[in-house]
Number of protein chains: 2
Amino acid sequence: MRAEILATGDEIRTGALVDSNSAYIADRLEGIGVEVTRHHAVGDHLETLAAVFREMAGRCEVAVVTGGLGPTQDDLSSAAAAAAAGVQLVEDARALAQIEAFFAKRGRPMTASNRKQALFPQGAHCLYNALGTAPGFQMALNGCTLFFLPGVPNEMRAMLGEQVLPQLEQLQGSQRRHRLVRVISTFGQTESAVGETLAGLTDRFPQVTLGLRAKFPEIQVKLYLNTADRPAGEAMLAQAVAYGVERLQPYVFSLNERTMAAKVGAMLLQRGETLALAESCTGGLAANWITNTPGSSDYFLLSAVTYANAGKVKLLGVSEQTLAEKGAVDEETARQMAEGVRRVAGADYGLATTGIAGPDGGTPDKPVGTICIGLATAKETLSRRHTLSFGRRLMNKRLFATLALDLLRKYITGDLKPR
Amino acid sequence: MRAEILATGDEIRTGALVDSNSAYIADRLEGIGVEVTRHHAVGDHLETLAAVFREMAGRCEVAVVTGGLGPTQDDLSSAAAAAAAGVQLVEDARALAQIEAFFAKRGRPMTASNRKQALFPQGAHCLYNALGTAPGFQMALNGCTLFFLPGVPNEMRAMLGEQVLPQLEQLQGSQRRHRLVRVISTFGQTESAVGETLAGLTDRFPQVTLGLRAKFPEIQVKLYLNTADRPAGEAMLAQAVAYGVERLQPYVFSLNERTMAAKVGAMLLQRGETLALAESCTGGLAANWITNTPGSSDYFLLSAVTYANAGKVKLLGVSEQTLAEKGAVDEETARQMAEGVRRVAGADYGLATTGIAGPDGGTPDKPVGTICIGLATAKETLSRRHTLSFGRRLMNKRLFATLALDLLRKYITGDLKPR
């Protein structure tokens, strides 16, 4: 079964808005074994819309259209679908009842333009929208089923998942194929190095497709398998994942798409241990990532974002002499920051970053991209220094924060290499 | 002059990757008055690619294609273009020299598959890629000029700006129109409230198009004007901006697309004042935003991310009695946090957040979405409490941090309402 996807609206056509709906829809359709062959985007223009509807209907069995269901004059999906099919627009009683109920529930007045949203091409079927005012619809055109969904992402996603995908699964019947996906999240190697490490994987597992994706600074390895036999496919994919993980160690940090911060947090939670951070160059980014996980207060106590040196001395007890002699960006300073924040917070681990994120502030000795990390534990204090070659401040901050969290991760797992 | 855009690659077709290139290209083309009429995306499939090239050439004067220029067997743009035009692939001497120079400069070996990247359809012209291995090319097909650019965003953007747009501006000649854009960044009103406030704008300035865009938690108002007469257009747009800003005050915080944190930073820099933060519920996000601006160390001293109560007491001197009697999420606690961090850091302003980001931790008294903000200055200490209705943790963190920075902004501008 082949499908095409159309995003509508002048905001998308002119580039004011990036269309992320189409990728979402493609991913979900491919996930149930429907082959997505084309995406399109056009503006709010009746004749163009009708022409694309007819083109899609001539090429594939399923089309999913987003946008153009609102109450304004620019919302033309229904009228264009009627024009494409050569039928009239008629008021759909089910759609009208939904719109009326939506407004009644919120105590807001319903306008004449909202009533327009219940006009569908003759023969179309209403799709229920639990989250917004715009019902969707589906209709047959030239042997193709077209689904019309709102452009608002959460409304579209709910309707796709609850009303479109189940129909498509049923339509596929015995032909149904599953696309299985597994993700290996890695950090510490370049995309091409990861690719070389896995060069033998698809020879060994010819049914598996490999995709590498930089989610800076992580590299995600995606393994895909299309199969009619789900259990057999899952078993083979598990073997391929195990093969990949073995070769990629110690760079693998998650097999369930956790972020590095969420992974470190889960490890701390499981061990009943606590973390305090002392951040200079990462400017609060590591703490922000850690606290994005609900319940992080169970293991995260404090981050002292000591951007100015005075804070390093006053809050963390870093020695003024060390700062004067070695500077803020130094492994000894990082160690003292880590020890200081561990002591102040009463944490099991103190983890510190100090470096030069750029674009300015570099020296021949300590160029932009220099990062010193300190880790203090009950047993010992360690430090590492890296010099990275990314010129961009925000990339450096991400890389620095990930390097620090990864150091703690490897310390806990025992994968930390001696220097 | 009409243009269409095509993104290629199985990662985009299957939804593994969101295509943001097409929106960027559309925005740049519309910016010089080229009307973008359609976007497409298809996978790495020779016949489909060739078919779409021919379709586009039959409908418009310009087409921009991204992706498919790499060294692997999946990279089919050149072969498909040759097939669409019915010509041979030939080695382009200029392209080959570029690829050789790229590898020589980096001291890396050039493979046979890289040599394939110099094969272009007969009659095509090479486009120089200063940032990667893949040169692009342009060719004429049925009266349409097709531009082929790499899919890597920074390479594509550089080549579009330096080699494609100048040609299109010249091709348009006296027909050339300019699309002028101005952005008003607002915070504190809903999208629909902003829309209602500006309901009269397009009646008063009928040539201006209005677009509202939620960049959560900001609402951006975009004003567009298409004109052949640039100075007259700019003057009219400036009037429309002034009209909009007057009505939207005090919610406007930037007219040059600065973030709230960058705006507050610029105000502090200009005044020679310094800031220290005490963050509980925002977990380092405010500090992270502030330190995303290069040079922020000139005005940002410290953030104490005191997630656990012990840190509030120990580092900031918050009274244990206040915490016991009123709790961590309280205006009095926020005031003591702000005063404490101001004192510890020796800053002009101390700004504090404490609240409940969710999804758990709410009580009937202090539901999820409750945020208390404290601001300490040399003259006084203020606080505010809000209860917001967003259920999602990451949205709440963004909203809380923006509310805090906006409180400081309004304090400085004198726009802070007495309670």
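These figures come from a predicted structure and were not determined experimentally.

*Asks:* So what exactly am I meant to see when it comes to the overall build of chain A here?
*Replies:* Across its full length, chain A carries 16 helices and 17 strands. Taking 419 residues into account, the globule formula puts the C-alpha radius of gyration at 22 Å, and chain A, at 27 Å, lies well above it. Counting only C-alpha atoms, chain A reaches 85 × 55 × 40 Å along its principal axes. Of all 419 residues assigned to chain A, the portion counted as buried reaches 46%.

*Asks:* Even after reading the chapter, I still don't get the interface of chain A and chain B, so can you show me in this structure?
*Replies:* Many structure descriptions define interface size as the accessible area lost when the parts assemble. Listed per partner, the contact involves 52 residues of chain A and 52 residues of chain B. Among the elements that line the side of chain A that touches chain B, the one with the most residues is strand β14 (residues 300–306) of chain A, at seven residues. When its residues are assigned to classes, the side of chain A that touches chain B shows 26 nonpolar, 16 polar and ten charged. Taken together, the five bridges between β14(A) and strand β14 (residues 300–306) of chain B define a ladder with antiparallel strand orientation. The residue bridging Val305(A) from the neighbouring strand is Ser303(B), located in β14(B).

*Asks:* Is there a simple way to explain the nonpolar core in this structure?
*Replies:* Looking at soluble globular proteins, one finds that nonpolar side chains tend to be buried together. Core analysis: the largest hydrophobic core is formed by 132 residues, its most contacted members being Leu275(A), Val341(A), Leu275(B) and Val341(B). With sequence-adjacent residues up to four places away left out, Leu275(B) is seen in contact with Leu268(B), Tyr299(B), Phe300(B), Leu301(B), Ala347(B), Tyr349(B) and Leu351(B).

*Asks:* Teacher, can you tell me more about the sheet that holds strand β3 (residues 62–66) of chain B here?
*Replies:* In sheet architecture, strand pairing relies on hydrogen bonds along the backbone and comes in two forms, parallel and antiparallel. Judged by pairing direction, the sheet is mixed, and its twelve strands sit side by side in the order β6(A)-β7(A)-β8(A)-β3(A)-β1(A)-β2(A)-β2(B)-β1(B)-β3(B)-β8(B)-β7(B)-β6(B) without closing on themselves. One side of each edge strand has no neighbouring strand; the edge strands of this open sheet are β6 (125–127) of chain A together with β6 (125–127) of chain B. Averaged over all pairs of adjacent strands, the angle between strand axes in this sheet comes to 20 degrees, irrespective of strand direction. Of the strand pairs in this sheet, strand β1 (residues 2–8) of chain A and strand β3 (residues 62–66) of chain A are connected by five bridges, and their pairing is parallel. Its bridge partner lying in β3(A), Ala7(A) is registered against Thr66(A). Contacts from helix α4 (residues 77–85) of chain B reach β1 (2–8), β3, β7 (136–141) and β8 (144–149) of chain B within the one sheet, and its direction differs from that of β7(B) by about 15 degrees.

*Asks:* Can you walk me through the sheet that holds strand β9 (residues 178–186) of chain B in this structure?
*Replies:* All names here are of chain B. Pairing is antiparallel in the open sheet, where four strands are placed in the order β10-β11-β9-β12. Across the chains shown, the open sheet's two edge strands, defined by having one partner strand only, are β10 (208–215) and β12 (252–254). This sheet shows a mean twist of 35 degrees between the axes of neighbouring strands, independent of strand direction. As paired strands, β9 and β12 are joined by two bridges and run antiparallel to one another. Each residue of the ladder has a partner; that of Thr186, found in β12, is Val252. Each of β9, β10, β11 (218–227) and β12 is contacted by helix α10 (residues 230–248), which is oriented at about 15 degrees to β9, the strand it contacts most.

*Asks:* Sorry, what's going on with the relation of the copies chain A and chain B here?
*Replies:* Mapping between the two copies of the chain is achieved by a rotation about an axis and a shift along the axis. With an RMSD of 0.3 Å, the fit of chain A onto chain B corresponds to turning through 180 degrees and sliding 0.2 Å along the axis. With respect to symmetry, the two chain copies, as superposed, fit the operation of a two-fold axis.

*Asks:* What is the right way to read the pairing of β9(B) from this model?
*Replies:* Bridging between β9(B) and β11(B) involves nine bridges; their strand directions are antiparallel. When the bridges of β11(B) are listed, Val183(B) appears paired with Lys222(B).

*Asks:* Any chance you could explain helix α15 (residues 331–345) of chain A here in plain terms?
*Replies:* Two residues of an α-helix separated by three or four positions point the same way, owing to the 3.6 residues in each turn. All names here are of chain A. Helix length check: α15 (15 residues) gives 21 Å between terminal C-alpha atoms against 21 Å at 1.5 Å per residue, within 8%. Listing the buried residues of α15 in full gives Thr333, Ala334, Arg335, Gln336, Met337, Ala338, Glu339, Gly340, Val341, Arg342, Val344 and Ala345. Among the residues trailing α15, Gly346 stands out with phi positive, at a value near 65 degrees.

*Asks:* How do you make sense of the packing of helix α11 (residues 260–271) of chain A against helix α16 (residues 393–413) of chain A when you look at a structure like this?
*Replies:* Axes are the key here: two packed helices are described by the angle between their axes and the distance separating the axes. Residue and element names in this part refer to chain A. Running from amino to carboxyl end, α11 crosses α16 at an angle of 30 degrees, the nearest separation of the two axes being 10 Å. When the axis of α11 is compared with that of α16, the two are roughly parallel. α16 is crossed by α11, and the crossing has left-handed handedness. On α16, the residues that touch Met260, Ala261, Lys263, Val264 and Met267 of α11 are Thr402, Leu405, Asp406, Leu408, Arg409 and Ile412. Tallied by class, residues from the contact of α11 with α16 come to seven nonpolar, one polar and three charged.

*Asks:* What exactly am I supposed to notice about the environment of Leu248(A) here?
*Replies:* Residues and elements named next belong to chain A. Within the secondary structure layout, Leu248 lies in helix α10 (residues 230–248). For the pair formed by Leu248 and Lys105, sequence separation is 143 residues and the distance between their alpha carbons is 54 Å. Discounting chain neighbours no more than four positions away, the residues touching Leu248 are Ile184, Thr186, Val194 and Thr197.

*Asks:* Can you help me understand the domain arrangement of chain A in this one?
*Replies:* Taken domain by domain, chain A consists of domain 1 (2–175), domain 2 (178–254) and domain 3 (260–413). One C-alpha centre belongs to domain 1 of chain A, the other to domain 3 of chain A, and the line joining them spans 49 Å.

*Asks:* Would you explain the pairing of strand β8 (residues 144–149) of chain A in this entry?
*Replies:* Moving residue by residue along a regular strand, the side chains alternate between the two faces of the sheet. Residue and element names in this part refer to chain A. Along β8, six of the six residues are buried, which leaves the element largely enclosed by surrounding structure. On β8, burial covers both faces: Cys144, Leu146 and Phe148 on one face and Thr145, Phe147 and Leu149 on the other are all buried. Sheet analysis places β3 next to β8, joined by five bridges and oriented parallel. Across the sheet, the residue bridging to Val62 is Thr145, located in β8. Sheet topology note: the strand β7 (residues 136–141)/β8 ladder contains five bridges and is antiparallel. Directly across from Leu141, in β8, lies its bridge partner Cys144. The loop that links β7 with its antiparallel partner β8 comprises two residues; one of these, Asn142, has a positive phi angle of about 55 degrees.

*Asks:* Sorry, what's going on with unusual backbone geometry here?
*Replies:* Of note, the bond from Phe216(A) into Pro217(A) is cis; its omega dihedral lies within 30 degrees of zero at 0 degrees. Relative to the assigned elements, Pro217(A) resides in the loop between β10 (208–215) and β11 (218–227). Of note in the backbone geometry, Asn142(B) takes a positive phi value of approximately 55 degrees without being a glycine. Mapping Asn142(B) onto the fold places it in the loop between β7 and β8.

*Asks:* I tried to follow the packing of helix α3 (residues 46–59) of chain A against helix α4 (residues 77–85) of chain A on my own but got confused; where do I start?
*Replies:* Residues and elements named next belong to chain A. As a packed pair, α3 and α4 sit with axes 8 Å apart at the nearest point and diverge in direction by 55 degrees. Here α3 lies oblique to α4, going by the angle between them. Here the hand of the crossing between α3 and α4 comes out right-handed. From α3, Leu46, Leu49, Ala50, Phe53 and Arg54 reach across to α4, where they touch Ser77, Ala79, Ala80, Ala81, Ala83 and Ala84. Looking at the contact of α3 with α4, its residues break down into nine nonpolar, one polar and one charged.

*Asks:* Quick question: what am I supposed to make of helix α5 (residues 93–106) of chain B here?
*Replies:* All names here are of chain B. Between its terminal C-alpha atoms α5 stretches 20 Å, which fits the 20 Å expected from 14 residues at 1.5 Å a residue. Buried within α5 are the following residues: Ala95, Gln98, Ile99 and Phe102. The buried side chains of α5 occupy one side of the element, clustering within an arc of 95 degrees when seen end-on. Opposite the buried face of α5, by more than 90 degrees, sit the exposed residues Ala93, Ala101 and Ala104. On its buried face, α5 sits against α6 (112–116), β5 (119–121) and β6. Immediately downstream of α5, the backbone of Gly107 shows phi near 65 degrees, a positive value.

*Asks:* Can you help me understand the confidence of the model for chain A in this one?
*Replies:* Interpretation of the predicted coordinates at a detailed level should be avoided for regions scoring low in pLDDT. Put simply, chain A has an average pLDDT of 94, and 100% of its residues get 70 or more. Here the predicted complex carries an ipTM of 0.87, next to a pTM of 0.88.

*Asks:* How do you make sense of the environment of Ala79(A) when you look at a structure like this?
*Replies:* By the secondary structure assignment, Ala79(A) is in helix α4. Sequence-distant contacts of Ala79(A), defined by excluding residues within four places in its chain, comprise Leu46(A) and Leu89(A).

Rules used in this analysis
- Residues numbered from 1 in each chain as written.
- Chains lettered and ligands numbered in written order.
- Predicted model: local features only at pLDDT ≥ 70, side-chain atom pairs only at ≥ 80, totals over all residues.
- Helix = DSSP H or I, 4+ residues; strand = E, 2+ residues; numbered from the N terminus.
- Rg over C-alpha atoms; globule rule 2.2 N^0.38 Å.
- Buried ≥ 20, exposed ≤ 12 C-beta atoms within 10 Å, placed from the backbone.
- Contact = placed C-beta atoms within 7 Å.
- Nonpolar A, V, L, I, M, F, W, Y, C, P; charged D, E, K, R; others polar.
- Pairing = 2+ DSSP bridges.
- Core = buried A, V, L, I, M, F, W, Y, C linked by C-beta atoms within 7 Å.
- Axes fitted to C-alpha atoms, helices over the stretch in contact; angles between N-to-C directions.
- Least-squares fit on C-alpha atoms with pLDDT ≥ 70 in both.
- Expected span 1.5 Å × (residues − 1).
- Parallel < 35°, antiparallel > 145°, perpendicular 65-115°, else oblique.
- Left-handed = near helix turned anticlockwise from the far one by under 90°.
- Domains from an automatic or database assignment.
- Arc of directions from axis to C-beta.
- pLDDT = per-residue confidence, 0-100.

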